[in-house]
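Architecture and fold: a report
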Amino acid sequence: QYANFCLGMRFHSKVLAIKNCKNFVGICYDFKSEALLNQVGLEAVGLRYGISKNSFFGEEIDLREGSLVDLIDATIASKLVNERKMHEALKKIRLYSEVNRKVLNSIE
């Protein structure tokens with residue numbers, strides 16, 4: 001939570017960056033990371049990277065030379081816009097969580 005910028009590959013690194021409204025680049029090697037970024041409107045900070053092509057990963061994609069550096073530069077330049085998107089996403093996620101909590105509590 002004290003970082004100024006995050007570079008994350010694992011799903012929960014992206015979740016924590018969003019929760020703490022920290023500017024980040026997310027390297028996405030699975031569908032759930034891409035889905036998370038799409039859900040909160042931050043698909044522009046994601047960079048696809050496929051580790052291997054098998055039943056768990058859909059396709060093999062290597063990082064193009066300079067693509068990570070270019071994305072980091074663009075993300076830093078868009079810091080305020082990205083933080084605003086994260087704040088809005090957190091409001092929606094909290095509301096959604098509260099609704100689901102009430103549904104769970106109503107089950108006998």
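Quick caveat, the model's predicted, so the values are computed rather than measured.

**Thoughts on the nonpolar core**
Residues Ile18, Phe24, Leu37, Val40, Leu42, Val45 and Met86 are the most contacted members of the largest nonpolar core, which totals 13 residues. Residue assignment for this core shows that the elements contributing at least two residues are helix H1 (11–19), strand E2 (24–28), helix H2 (31–39) and helix H4 (79–106). Looking at which element gives the most residues to this core, the answer is H4, with three residues. Not counting residues up to four positions away in its chain, the partners in contact with Leu37 are Phe24, Cys28, Leu42, Glu43, Val45 and Gly46.

**Quick look at the confidence of the model for the protein**
Residue-level pLDDT values for the protein average 88, and 89% of them are 70 or greater. By mean pLDDT, strand E3 (residues 46–48) is the weakest element of the protein at 90, and strand E1 (residues 6–8) is the strongest at 95.

**Focus on the environment of Leu90**
Among the structural elements, Leu90 can be located in helix H4. Residue classification places Leu90 among the buried residues on the basis of a relative accessible area of 10%. Remark: the alpha-carbon pair of Leu90 and Lys19, spanning 71 residues in sequence, is separated by 6.9 Å. Those residues within four positions of Leu90 in sequence are excluded, and the remaining contacts are Ile18, Lys19 and Cys21.

**A closer look at the pairing of E2**
Consecutive residues of a regular strand have side chains that alternate between opposite faces of the sheet. Counting buried positions along E2 yields five of five residues, so the element is predominantly enclosed. On E2, burial covers both faces: Phe24, Gly26 and Cys28 on one face and Val25 and Ile27 on the other are all buried. For E1 and E2, the ladder comprises three bridges, and the chain directions are parallel. In the strand pairing of E2, Cys6 is matched with Phe24. Read as a crossover between parallel neighbours, the route from E1 over H1 to E2 is right-handed. Each parallel crossover has a hand, and for E2 linked through H2 to E3 it is right-handed.

Conventions and cut-offs
Residues numbered from 1 in each chain as written. Predicted model: local features only at pLDDT ≥ 70, side-chain atom pairs only at ≥ 80, totals over all residues. Heavy atoms only, no water. Core = buried A, V, L, I, M, F, W, Y, C linked by side-chain atoms within 4.5 Å. Buried < 20%, exposed > 50% of the residue type's maximum accessible area, 1.4 Å probe, protein only. Helix = DSSP H or I, 4+ residues; strand = E, 2+ residues; numbered from the N terminus. Contact = heavy atoms within 4.5 Å. pLDDT = per-residue confidence, 0-100. Pairing = 2+ DSSP bridges. Right-handed = clockwise from strand over helix to strand, strands pointing away.

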